[in-house]
Amino acid sequence: MGKIEGIRIQNYGPLKDIIMGKTRSNQKVKALGNLVAIIGPSGNGKSTFADVFGFIADCLEMGVEEACDANNRGGYEKLISQNAEGPISFELYYRESSNTRPITYQLEIALDKTGRPYVKQERLRQRVERYGWPRSFLYLQEGKGYVFEGSENEETGQNDDGSIVGKPVDVELNDIRKLGIVTLGAMKQYGRVEKFLNFLRSWFLCYFSPDSARMIQSAAPQAYLNRTGSNINNVAQYMFRENPKDFKKVLEEIQDKLPGIEKVEPIRFENGQMMLKFWESGFKEAFYSQKMSDGTLKLFAYYLLLHEKNPRQLVFIEEPENGLYHQYLSTLADEMIGSVGSGFSKQIFVTTHSPFFVNALAPENVWVLTKGENGFSTVKEASEYPFVKELSEEGVEVGDMWYSKYFG
């Protein structure tokens, strides 16, 4: 469980300094909701914002130097904002549940003397009490610093004035290009670090491709969809193996939302492999998933993702409208709203150009990225624009207001 209540991004391409939701220094605003949609014209930073989550995930997996070059990012020099004076910097304001104290994670990445990216600073803070000041329980500068042992119930740490509660453990990392939370989070004595690391590792960045979903995989049950959806039949195999009755209920619920589909049925072959069979209206013979349309496969993958038994805590989907008929988008948005609920079990971030998708959302769920004359992006919640909240309360849909240029 857990979700991001706020994020600050500095010096990452066009995102020179943006804040969304609640952060350590920005406490008088609302926390981000469970469904966060980012809209705006092309070229205003939506893809860069999505890549922030991918970049942090890559830093966890491969280190900051490799992450700067991965996925056609082009290296640190291409990532950092033009004429930036400071390092690339991220701040995540995270809460495990409504009853736990929030945690702030700060990460700074810069170039060392040899011109290679490294972790300049990494810090984890947790508030001492519900409205108290936070204490650092992990603080590393250029790979050196301290960490405090203990679980989330501990109040040990160092205050900003230098005073210490508890006994810190001195730390010096062998590799300044790897994140300290990866090394320290693998050790049980640092329970707070471990729990936050598990949250970051639970992120799912969706780059679903219908062509990938048509690939025939070997028979190997897998609990979760991968980024491209190439293992969709493996996930079906896993769900069928774990609980056939529940899986069939999931399929029945999904098939009602797929246009033109009368039934979806799992077919198990002798080698243990599972394939999905679709019955379309007007056809006597069923089709396997390899023969289904791009839109149907994409919708099915999204709905399967939203019906995970043990959901990933954070899901990021870029432009779900691509390849989908516009009338399906409000239903998909409603399904996402129902999937995330009101607790802390799941959070979904979406970038979109579609007013039809946005029409299903409240102004508080929608954030607008716009680019200023200086070439850098700014961000603003839709409800902060004049008359948007009032018109929404009168029944005017947010996407229609955006399309009619009331805001954004």
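What counts and what doesn't
Residues numbered from 1 in each chain as written. Predicted model: local features only at pLDDT ≥ 70, side-chain atom pairs only at ≥ 80, totals over all residues. Heavy atoms only, no water. Buried < 20%, exposed > 50% of the residue type's maximum accessible area, 1.4 Å probe, protein only. Helix = DSSP H or I, 4+ residues; strand = E, 2+ residues; numbered from the N terminus. Pairing = 2+ DSSP bridges. Core = buried A, V, L, I, M, F, W, Y, C linked by side-chain atoms within 4.5 Å. Contact = heavy atoms within 4.5 Å. Axes fitted to C-alpha atoms, helices over the stretch in contact; angles between N-to-C directions. Expected span 1.5 Å × (residues − 1). Arc of directions from axis to C-beta. Parallel < 35°, antiparallel > 145°, perpendicular 65-115°, else oblique. Nonpolar A, V, L, I, M, F, W, Y, C, P; charged D, E, K, R; others polar. Left-handed = near helix turned anticlockwise from the far one by under 90°.

Caption draft 1: Structural view of the pairing of strand β4 (residues 88-95). Of all 8 residues in β4, 8 are buried; the element is thus mostly enclosed. The alternating pattern of β4 places I88, F90, L92 and Y94 on one face and S89, E91, Y93 and R95 on the opposite face, and all of these are buried. In this sheet, β4 lies alongside strand β1 (residues 3-12) in antiparallel orientation, the contact comprising 7 bridges. Bridge pairing in β4 places I4 opposite Y94. By the bridge criterion, 7 bridges tie β4 to strand β5 (residues 103-111) in an arrangement that is antiparallel. Within β5, the residue paired with Y94 across the bridge is I103.

Caption draft 2: Seen up close, the nonpolar core. If you look at the biggest cluster of nonpolar residues, it comprises 63 residues, and the most contacted ones within it are F49, F53, I181 and F196. The biggest single contributor to this core is helix α1 (residues 46-62), with 9 residues. If near-sequence neighbours (up to four positions away) are discounted, I181 is found in contact with L60, Y105, E122, L124, L138, V193, F196, L197 and L200. Listed in part, the 55 residues of the second largest apolar core include V235, M239, L304 and W402.

Caption draft 3: Region of the structure containing the sheet that holds strand β12 (residues 204-206). Read across the open sheet, the 6 strands follow the order β12-β16-β17-β3-β18-β19; overall the sheet is mixed. With partners counted over all chains shown, the strands left at the sheet margins are β12 and β19 (377-381), one partner each. Each strand axis lies, on average, 20° off the axis of its neighbour in the sheet, ignoring direction. Here strand β18 (residues 366-371) runs beside β19; their pairing, made up of 5 bridges, is antiparallel. Within the sheet, the bridge partner assigned to T370 lies in β19 and is T378. The sheet strands contacting α1 are β3 (35-39), β12, β16 (314-318), β17 (347-351) and β18, and the helix crosses β16 at an angle near 140°.

Caption draft 4: Just helix α10 (residues 329-340), in detail. In this model α10 runs 17 Å from its N-terminal to its C-terminal C-alpha over 12 residues, within 8% of the 16 Å that 1.5 Å per residue would give. For α10, the set of buried residues is L329, L332, A333, E335, M336, S339 and V340. Buried residues of α10 fall within an arc of 160° about the axis and therefore sit on the same side. Packed against the buried residues of α10 are β3, α8 (244-255), α9 (294-306), β16, β17 and α11 (355-358). A positive backbone phi angle near 60° is found at G341, which sits one or two residues after α10.

Caption draft 5: Quick look at the packing of helix α7 (residues 232-242) against α8. One way to put it is that α7 packs onto α8 with a least axis distance of 5 Å and a crossing angle of 130°. By the angle class used here, α7 and α8 are oblique. Along the contact surface, α7 presents A236, M239, F240, R241 and E242, while α8 presents P244, F247, K248 and V250. When grouped by side-chain class, the residues that make up the contact of α7 with α8 number 6 nonpolar, no polar and 3 charged.

Caption draft 6: Spotlight on the environment of E242. Mapped onto the elements, E242 comes out in helix α7. Taking the relative accessible area as the measure of exposure, E242 reaches 47% and is therefore partly exposed.

Caption draft 7: Examining the packing of α7 against α9 more closely. One can describe the packing of α7 onto α9 by two numbers: an axis separation of 12 Å at closest approach and a directional angle of 40°. In terms of orientation, α7 lies oblique with respect to α9. Every pair of crossing elements has a handedness; the one defined by α7 and α9 is left-handed. Counted together, I232, V235 and M239 of α7 and F300, A301 and L304 of α9 form the full contact between these two elements. Here the residues of the contact of α7 with α9 sort into 6 nonpolar, no polar and no charged.

Caption draft 8: Region of interest: unusual backbone geometry. In this structure, N72 takes a positive phi of about 60° despite not being glycine. Mapping N72 onto the fold places it in the loop between α2 (64-69) and α3 (76-79). Residue E319 is not a glycine yet carries a positive backbone phi of 45°.

Caption draft 9: Up close: the sheet that holds strand β13 (residues 261-268). The 3 strands lie next to each other as β13-β14-β15, forming an open sheet whose pairing is antiparallel. Either end of the sheet is taken by a strand with one partner, and the two such strands are β13 and β15 (287-288). Sheet topology note: the β13/strand β14 (residues 274-280) ladder contains 7 bridges and is antiparallel. Within the sheet, the bridge partner assigned to R268 lies in β14 and is M274. Contacting β13 and β14, α7 runs over the sheet at an angle of about 100° to β14. Strands in contact with α8 are β13 and β14; relative to β13, the strand with the most contacts, it is inclined by about 150°.

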